[in-house]
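Here is what each chain is made of, one letter per residue.
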Amino acid sequence: MSALTRRLLFIALGWTLVFGLTGIAVHPERCGRPTDEDLRQAAQLAVDWFAANIEADGDFLYRYDRDRAQPEPGYNDTRHAGVLLSLWQAERASIEGAGEVATRAFARVERRLVDTSVGPAFGGGPTLPSGATGLLVAALDERRLATGATDLDELLVSLGHTLAATVNDDGSVSADIDRRTGPGDHRSPFFTGEVMWALARLHLTFPTEGFDEPALRIRRYLIDDRDEVERWWPPLSDHWAAYAFETMDRWPDPPAMSAADDDWLDRQLGLFGLQVRYESQRRGGVTRLTRGPIALAAGVGTLEEGIGNHLLWLMRRGERTDDFDVLTERADCAAWLLVQRQVTPRDAADDVEPERSIGAWFRLGDTQMDDQQHALSALLILADVRQAAGSGASS
Amino acid sequence: MTLTLLVLAAIAAANPFRAASASPAGDRAPAVVVASSVSIGAVIVLAITSGPVLDTIDVTGPSARIAAGIALVAVSLRDVVAPPPKPEPGLAGWKAGLVPLTVPATFSPALAILAVAAGADRGVAVTTIAIAPALALAALAAMRPPTRGLRPAAAIVGGFGAAIAAFVVLDGIYSI
């Protein structure tokens, strides 16, 4: 072999090594675009799962191990409120049976609405999670929109004032409410956005109650201080804040976007996009070694919820139009992953308890009710985005 | 990816001191013209085909930028630790523009992936304009006979390239 041939082989080896290295770092991304019918069918299956897995007392099957065909212990009021929210969203989207299941699930709320020193709140034990009350407010407000019923308005306003009391002077949100002493000092990565969204919704529904001021206080804190004060790493992709931004944009006098808001939005959209791209690289096989197992459906759903909500208000404002295509692509991808990963009747044909599996999303053999909740909300938000785009909201 | 980042990444990927080190003996002009033409031609072809290529392998633009950054880390670290290429063994006459001037000296795998990533992100014209200065610097460097001090110079560019590569990776990570 001549010296030149050896050199050429060495060059080829070098190129192969570099391409191999980049191939390990960057995998193909498996994405698609679900049809409107795909979205609707998947949403219906998810609602059917809730209908099949609600108990007489209004609680849902919380967690289920498909391999062992056994429920697993635990329950969570914040997640129960989140499920209520997704069901009322589904009812508003005319998914069959959603409102009926949500009405039955309200039984738990009736049992666990308690008086605290700052007003009524949802939960149990000596301290109540503010996020549970926040999501309950969002759910009941969604119910109001879905049914037109105003019978719970008094409760909604009272819960809103409780939430307003959890907002501290600096805009941070107390994660827990002690029944006797009121809001405490703990913080939660997600309750801040949940409470902000709840207050933002209430300001739309009850504009004279003053819910806008605490909502805006949270918004300022969330944008300017939250990451430094509470958690700077890993950066948080906040889908609840995305919901809040979308809602605030529908206020009669929506807040203007500051430079800090724009920077925050840049980071959020980047985080959502990155996570969708990463998740779409999980194709099984060797990617189990390099990317790990698939994410929780709850996690994938939140990505869709975040992107979808930001898309909705950006389209309405006609801002960041250059990003619409790529944001829509990521939203489609997240929804497509959810549709692909949902258990269908055919998938569950050999299950011992197929009703526990059909319509659910599993990761490593387990599902939890918030997997269905976030996935359902995610599928519905994409349908909203498509409707908004189709109706020319972006123009 | 900003134009500045793309220009700097291309300079690091093409590392002109490698071309200087691999400069052949004798009449260098024909070889340099060949190397420059082949390299810029390859960049243009890769930029033009970037969209279909990325679609075929199911890779999004931001992920392609991450890949370009990682490839740039690899070739930059090579430049830091390994001596730049020598003129021999190589092809004779104008063919020296292919080996060693184009490969392994100037047209690195990092430059190839960068051309694809940039082509998808910024289009063919911007990509060509941004990468051309790096190739021009390599051509200028190759017109002179190799001198002493090229190894540390190439290593310094390699170190600079590793830092630039980090920004290219971050650009891909923080894109939607």
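Everything numeric in this text was worked out from a predicted model, so none of it was measured.

Peer 1: If you had to explain the sheet that holds strand S7 (residues 182–183) of chain A to someone new, which residues and values would you point to?
Peer 2: Residue and element names in this part refer to chain A. Taken together, three strands build an open sheet; the order of strands is S5-S6-S7 and the sheet is antiparallel. Edge positions in the sheet fall to strand S5 (127–129) and S7, since each of these pairs with one other strand and no more. Across two bridges, strand S6 (residues 176–178) lies against S7 in antiparallel orientation. In the sheet register, isoleucine 177 faces S7, and the bridge partner there is proline 183.

Peer 1: If you had to explain the sheet that holds strand S1 (residues 63–65) of chain A to someone new, which residues and values would you point to?
Peer 2: Residue and element names in this part refer to chain A. Spatially, the three strands line up as an open sheet ordered S2-S1-S8, and their pairing is antiparallel. Each edge of the open sheet carries a strand with a single partner, namely strand S2 (70–72) and strand S8 (366–368). Adjacent strand axes in the sheet meet at a mean angle of 25° when their direction is disregarded. Relative to S8, S1 runs antiparallel, the two being bridged by three bridges. Within S8, the residue paired with arginine 63 across the bridge is glutamine 368.

Peer 1: Describe the packing of aromatic side chains, and please don't skip the residues or the numbers.
Peer 2: Inspection of the entire model under this criterion finds eleven aromatic pairs over all chains. Considering the side-chain rings of phenylalanine 245 of chain A and tryptophan 264 of chain A, the 4.7 Å spacing of their centres and the 25° angle between planes classify their relative orientation as stacked. You can see phenylalanine 245 of chain A sitting in helix H10 (residues 239–248) and its partner tryptophan 264 of chain A sitting in helix H11 (residues 259–280), a full 19 residues away along the chain. The same class applies to phenylalanine 245 of chain A and to tryptophan 264 of chain A, which are both buried. Pairwise contacts between aromatic rings join Trp15 and Phe19 of chain A together with Phe107 of chain B into one cluster. Just above the ring of phenylalanine 362 of chain A sits the side chain of arginine 66 of chain A; from NZ or CZ to the centre is 5.1 Å.

Peer 1: Help me get a handle on helix H9 (residues 150–173) of chain B, residues and values and all.
Peer 2: Between its terminal C-alpha atoms H9 of chain B stretches 34 Å, which fits the 34 Å expected from 24 residues at 1.5 Å a residue. Restricting attention to buried positions, one finds in H9 of chain B the residues Leu150, Ala153, Ala154, Ala155, Val157, Gly158, Gly161, Ile164, Ala165, Val168, Val169 and Gly172 of chain B. Of the surrounding elements, those touching the buried residues of H9 of chain B are H11 of chain A together with helix H1 (3–14), helix H2 (16–21) and helix H5 (61–81) of chain B.

The rules we used
- Within any chain, residue numbers begin from 1 and follow the written order of that chain's sequence.
- Just so you know, chain letters begin at A and ligand numbers begin at 1, following the order they were written in.
- Restriction of local features to residues with pLDDT of at least 70 applies here, the model being predicted, together with a cutoff of 80 or more for giving and counting side-chain atom pairs; totals for whole chains, interfaces and linings are based on all residues.
- Hydrogens and water molecules were not included; the side-chain quantities draw on all heavy atoms of the structure.
- For two strands to pair, DSSP has to find at least two bridges joining them.
- Helix and strand assignments follow DSSP, with helices taken as H or I runs no shorter than four residues and strands as E runs no shorter than two, numbered in order from the N terminus.
- Lines are fitted to the C-alpha atoms to define the axes, a helix being fitted only along its stretch in contact, and any angle between axes, read from their N-to-C directions, falls within 0 to 180 degrees.
- Working definition: rings of Phe, Tyr and Trp (its six-membered ring) pair if their centres are within 6.5 Å, and the pair is stacked with planes under 30 degrees apart, edge-to-face with planes over 60 apart, and tilted otherwise.
- Buried, partly exposed and exposed residues are distinguished by accessible area as a fraction of the type maximum, computed with a 1.4 Å probe on protein chains only: under 20%, between the cut-offs, and over 50%, respectively.
- Geometrically, a lysine NZ or arginine CZ counts as sitting over a ring once it is within 6 Å of the ring centre and also within 35 degrees of the ring normal.
- Helix span, expected: 1.5 Å multiplied by one less than the number of residues in the helix.
- Any two residues whose heavy atoms approach within 4.5 Å are treated as being in contact.

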